[in-house]
Amino acid sequence: MTVTALLVSHDGARWLPAVLDALEKQDSKPDRVVAVDTGSGDACLDLLRERLGADNVVSAPADTSYPEAVRRGTDHLGPGADTDWVWLLHDDSAPAPDALWHLLAVAEEQPSVSVLGPKLREWPSLRRLLEVGVTMSGTGRRETGLERGEYDQGQHDRQRDVLAVNTAGMLVQRRVLTAVNGFDRRLPVFGSDLDFGWRAARAGFRTRVVPEAVVFHVEAARRGLRRTPLTTVRPHRAERAAALYTLLVNCSLLALPFQVVRLFLGSLLRALGFLLVRAPREAYDEMRALLGTYVRPHRILSGRAARRRTATVPAKDVRHLLAPPWLPYRHGLDFVADIATAVALSAGEASTSRRARRAETLETGPVDSEAQNLPEDTGLLTRLLTSPTAGVFALLTVLALVGMRGLLGGGLLSGGALLPAADAAADWWRLHGEAWHEVGVGSSVPAAPYVLPLALGAMLLLGKAWLLVDVLFLLVVPLAAFGGYRFLRALTGARASALWGGVAYGLVPVLMGAVAQGRLGTVAAALVLPWCARAALFLGLEHTPDRRWRAAWRTALALALLTAFAPFAWPVAVLLALLAVLLGARQDPAWRARETWAPVAVAVGAVPLLLLPWSVMTFTHGHGLRTWLWEAGLPAPELLDAPGVWDLLVGRPVETGSAPGWISLGIVLAAVVALARPDTRRTVVRAWLVLLLALAALVVLALVTVETPGFVGEQPVWLGLPVLLVQAAAITAAAVAGSGISTQLSGSSFGWRQPLGLAVAVVALLAPVTGLFWWAATGLDGPLDRRPVGTVPAYMTDAGSADPDQGVLVVRSGTGDSLQYVLLRGHSVRIGEDSVAPAAEDQASLTELVGNLATAPQPEDVERLSAHGIEFVYLPPPADLTLAGNLDTVSGLTTASAVRPGARAWQVEADPTTTALPAPDGALHPWLVLVQAGALVTAGVFAAPTRKAGR
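**Student:** Got a minute to help me understand the overall build of the protein chain in this structure?
**Tutor:** Along the protein chain, the regular secondary structure elements total 35 helices and 22 strands. When burial is assessed residue by residue, the protein chain has 51% of its 951 residues classed as buried. Sequence-distant contacts, at least 24 apart, represent 77% of the contacts inside the protein chain between residues at least 6 apart. Carbon together with sulfur atoms contributes 62% to the accessible area of the protein chain, which is approximately 43400 Å² in total.

Pasting the structure below:
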């Protein structure tokens, strides 16, 4: 057998001497060594001519591809026998002394093998494995079967047939190069080995890896250590483009349509993944590679035609050499597991580092001899069992089950302001995406912004919408308490005061009656508010610009989520941002610079963009400015009272479902006394500014009444968010002043401050403790419970399911003399569907009709019922007696079965028709949804941690 070593070089003078030395030291030396230099700008060409002789060196232009360089090298050899072998080497691949000997030994023992490859190890480490044969997955991933950074311990030393071997050390028969027309010139650098191996297998040639033969490889092009006109400065783009091309030209004809779609969607997901880890350049390269491949289909077609001419075996006979189809999904699971492990290790390292810092500040003393050699247990379980913080939150979780005992059981949570949950997350996705809603008389009102986070949350819970609602309401206290603790810990640095403040804050939604009344907006806002405030803490000048910009986008995302459930949060946040910038500019001129206040502006200014299409379309196809006053959920005006000043100060906007006001008196007192501590006064005053602004918002909203869809007459507004802000600000002021209070008081001379501070601390401490006892003892006393989903008799629902145009008019008493109504078509209203109720002007005729039925109904009013597609009128218990009497006397209505005690029902005698409004042009809606999706992805990318250099 005649063996010619063919060496291709380009700017590899730093490695080339070692490669040439390795060739000279081979136990079985090649018969000839030929080098092809592709326009090296260093000493490569001179070094090759000196060591190999000018006759054995071919000079080529700098833009010569690797396939072209191999072709020039083989042409330089002249004609040869079919049994001749070519040993391909790179200028950064140094073979071990016995590498060629082992390859030739297998070639002699197994004549049917036409391509052989060595085991590749990393150079200069010499021990890490790079490849022991290679194949390709259905996603285009280069599969080696090795763990990242795996060391060679002989665990993969088994000869076997493979799809391909690396060209750095490939020993190939010259007749194979001729039979498959060499390497594909459309793969100038990357992927040529995989494509060649695939084509050789289809041509009936065997490829075998010989682990006994070892070659050390730098992989200079893939690692970016070498730049050429072909790799440019973006090797990832070239490598990905090569993978897409290789898959599309070599897969079977039946698999081609599937691969086209799979690679397109997979590349989009890969680009999104790169964006989420803040690698926009890699995402750009991914999309450029995808578009560069798909916009030139003629390359794919001509490549497939060329492969058909050389193929002699069917594609199915090569399939076993490809990676198994489940491998990409295993990589995905491994990726998730790696992230979880990294997070756990980071948390463990952070905890260890904190303990080490504390240990440095403590004076060590004598210990028992039995304990001297005992290692410290740093396991997660041990830390949880010994942590007082973990114990407090475990207790809160147990108390949550006790306090919410009335809400446990089967059925869906509903009642008061809470509608039943949707059947599945898909219903919320549909509600968010559609431009026209078949509800009532028909509606083009955009879905409320909270529908999207509900859909995302339910999707994380395997599509179970009811489970998400259960988690929000049943675990609101421990979840809100944890958020409050994290915020106060970051603000004060004191664990004890942060823990007190977190527990006090977690109880606010229960004590104010929001949970008992089913106020979804306030409950969700209580969970999001602390995280929004925590993100805003890092907008200060004491942080680096990178940290401040990341904080800006995190604040924007959190504020958008808060605004989605409680829209009034955004105007409050805008006022707070303006106040913060103006006050900051008075104290520090640096705040006047654009790069200083710009992150704050982005934090609040990006919110409307993140809440599209609702934030724009609500003024054109919605309920107008008053929509920003409604929280998620039904208005439920029958549950609202006229709170006094005392009720608002102690956080009791309603009487139904709330706790006695004296429970929160200690928090109010602690917030007032907090102003007396001088060293924390600056931060306490900032909390008081938020408190006063929230009180002003309370006064404004308490005086406002708005016209609400489905109600006859204007209704008061639920004051949940402003009350929550007042309580949160008061708790923050008290927690800030309470941090390190014992040291502060003990360090000063005895006087009136000590007894006053002690008394206030005891009263403040008793506030959350008393609240917990009240909650555990009384549970919840409100309209929220688990009840059947249907609000109308089943036969009406069945009739609506059979005919979607058939409707049921449900009318119930509201506050005072007002009436509340809803037109159902097919099923009862679920969470989110109330937000797309037709605008008042769109159903003005129906509102007028309900008013007529309540006063002096006429036979033509019954005809108007039929014209609206209404077949039944239903009054849920307790039925309004005046309205029931009016409907009993009007002709055209027949009494029907109401099933439930205290309810009344009538059937319209005329056949129902429908005069639903025609669906308007919804061309703008999908574009706004796309803009929102892009804005959310962009904000998520900029909010993510900055990638470290070199990663």
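**Student:** Just checking my understanding: could you explain empty space enclosed by the protein for this structure?
**Tutor:** Counted according to the given criterion, the structure contains nine cavities of 30 Å³ or more. In this structure, the largest cavity occupies an estimated 500 Å³ of space. Lining the largest cavity we find 30 residues, and of these Tyr66, His90, Val189, Ala221 and Arg226 sit closest to its centre. Put simply, the parts of the chain that give the lining of the largest cavity at least two residues each are strand 1 (3-9), helix 3 (66-77) and helix 6 (192-202). Class assignment of the residues belonging to the lining of the largest cavity gives a composition of ten nonpolar, 13 polar and seven charged. By volume, the second largest cavity is sized at about 140 Å³. Grouping the amino acids of the lining of the second largest cavity by side-chain chemistry returns ten nonpolar, three polar and two charged.

**Student:** Can you help me understand the layout of surface pockets in this one?
**Tutor:** Over the atoms, a rolled probe matching the size of one water molecule traces out where space is still vacant. Estimates place the volume of the second largest pocket at around 1800 Å³. Together, 50 residues line the second largest pocket, and Ala536, Leu537, Ala580, Arg686 and Val690 are the ones closest to its centre. Those elements giving two or more residues to the lining of the second largest pocket turn out to be helix 17 (476-492), helix 18 (495-511), helix 19 (520-536), helix 20 (545-565), helix 21 (569-587), helix 22 (594-605), helix 27 (681-702) and helix 28 (720-738). No other element matches the ten residues that helix 21 contributes to the lining of the second largest pocket.

**Student:** Can you help me understand the pairing of strand 18 (residues 807-813) in this one?
**Tutor:** Along any regular strand the residues' side chains alternate between the sheet's two faces. Here strand 18 lies mainly inside the structure; five of its seven residues are buried. Across four bridges, strand 18 lies against strand 20 (residues 870-875) in parallel orientation. Bridge pairing links Gly807 to Ile870 in strand 20. One ladder, built from six bridges, connects strand 18 with strand 19 (residues 819-824); its direction is antiparallel.

**Student:** I would appreciate a short explanation of the pattern of salt bridges in the present structure.
**Tutor:** One side chain can pair with another of opposite charge once the charged atoms of both are near each other. If you walk through the whole model with that rule in mind, you get 31 salt bridges. For the salt bridge of Glu122 with Arg223, the shortest nitrogen-to-oxygen distance reads 2.8 Å. Of this pair, Glu122 sits in strand 6 (residues 113-122) while Arg223 sits in the loop between strand 12 (206-217) and helix 7 (235-250), placing them 101 residues apart in sequence. Judged by its relative accessible area of 14%, Glu122 is buried.

**Student:** Can you walk me through the environment of Pro297 in this structure?
**Tutor:** By the secondary structure assignment, Pro297 is in helix 10 (residues 297-310). On the basis of relative accessible area, Pro297 is assigned to the partly exposed category, the value being 44%. Along the backbone, Pro297 and Leu248 are 49 residues apart, and their C-alpha atoms lie at a distance of 9.9 Å.

**Student:** Help me understand the side chain of Thr293 in this model?
**Tutor:** Topologically, Thr293 is positioned in helix 9 (residues 280-294). For Thr293, a relative accessible area of 8% translates into the label buried. Engagement of the side chain of Thr293 in a polar contact is seen with the backbone oxygen of Ala289, the distance being 2.9 Å. If sequence neighbours within four positions are ignored, Thr293 has contacts with Ala241, Leu244, Tyr245, Leu248 and Ile300.

**Student:** Please clarify how the nonpolar core should be interpreted in this entry.
**Tutor:** Core analysis: the biggest nonpolar cluster contains 148 residues, and Trp428, Phe473, Trp775 and Ile831 have the highest contact counts within it. The leading source of residues in this core is helix 28, at 14 residues. Every residue in contact with Ile831, bar those within four places of it in the chain, is listed here: Leu418, Leu419, Pro420, Ala421, Trp428, Tyr450, Leu454, Val469 and Leu520. Listed in part, the 38 residues of the second largest apolar core include Val33, Leu47, Leu52 and Trp123.

**Student:** I tried to follow the environment of Pro509 on my own but got confused; where do I start?
**Tutor:** Checked against the element boundaries, Pro509 lands in helix 18. In the structure, Pro509 is positioned 29 residues away from Ala480 in sequence and 8.9 Å away in space, judged by C-alpha atoms. Setting aside residues no more than four positions away along its own chain, Pro509 makes contact with Val476, Ala514, Val515 and Ala526.

**Student:** Even after reading the chapter, I still don't get the packing of helix 7 against helix 9, so can you show me in this structure?
**Tutor:** Helix packing geometry: the angle between the two helix axes and the distance between the axes. Where helix 7 meets helix 9, the axes come as close as 8 Å, and the angle between the chain directions of the two elements is 35°. The handedness of the crossing between helix 7 and helix 9 is right-handed. Residues His236, Arg237, Arg240, Ala241, Leu244, Tyr245 and Leu248 of helix 7 lie in contact with helix 9, whose contacting residues are Glu282, Tyr284, Asp285, Glu286, Arg288, Ala289, Leu290, Thr293 and Tyr294. Class assignment for the residues of the contact of helix 7 with helix 9 results in eight nonpolar, two polar and six charged.

**Student:** Is there a simple way to think about the packing of aromatic side chains in this case?
**Tutor:** Both the distance between ring centres and the angle between the ring planes are used here to describe each pair of aromatic rings. Counted according to the given criterion, the structure contains ten aromatic pairs. Summarising the aromatic geometry, the rings of Phe183 and Phe196 are spaced 4.6 Å apart at their centres and angled 35° between planes, so their arrangement reads as tilted. Here the residue Phe183 occupies a position in the loop between helix 5 (174-179) and helix 6, and Phe196 occupies one in helix 6, the gap between them amounting to 13 residues. No difference in accessibility class separates Phe183 from Phe196, as the two residues are buried. Over the aromatic face of Phe538 sits the side chain of Arg547, whose NZ or CZ is 4.2 Å from the ring centroid.

**Student:** How should a nonpolar patch on the surface be read in this particular structure?
**Tutor:** There is a patch of nonpolar side chains on the surface, built from Leu758, Val762, Leu765, Leu766, Val769 and Phe773 and spanning about 580 Å² of accessible area. By the element assignment, Leu765 lies in helix 30 (residues 753-778).

Parameters and conventions
Residues numbered from 1 in each chain as written. Predicted model: local features only at pLDDT ≥ 70, side-chain atom pairs only at ≥ 80, totals over all residues. Heavy atoms only, no water. Helix = DSSP H or I, 4+ residues; strand = E, 2+ residues; numbered from the N terminus. Buried < 20%, exposed > 50% of the residue type's maximum accessible area, 1.4 Å probe, protein only. Contact = heavy atoms within 4.5 Å. Areas by Shrake-Rupley, 256 points an atom, 1.4 Å probe, with all protein chains shown as cover. 1 Å grid on protein atoms, 1.4 Å probe; cavity = no way out; pocket = protein on both sides within 12 Å on 5 of 7 lines; lining within 4 Å. Points joined across faces, edges and corners; volume = space filled by probe spheres on them. Nonpolar A, V, L, I, M, F, W, Y, C, P; charged D, E, K, R; others polar. Pairing = 2+ DSSP bridges. Salt bridge = Lys/Arg side-chain N within 4 Å of Asp/Glu carboxyl O. Polar contact = N/O pair within 3.5 Å; in protein donor to acceptor, adjacent residues only side chain to side chain. Core = buried A, V, L, I, M, F, W, Y, C linked by side-chain atoms within 4.5 Å. Axes fitted to C-alpha atoms, helices over the stretch in contact; angles between N-to-C directions. Left-handed = near helix turned anticlockwise from the far one by under 90°. Phe/Tyr/Trp six-rings, centres within 6.5 Å; stacked < 30°, edge-to-face > 60°. Lys NZ or Arg CZ within 6 Å of the ring centre and 35° of its normal. Patch = residues over 30% accessible without salt bridge, like charges linked within 9 Å, V, L, I, M, F, W, Y side chains within 5 Å.

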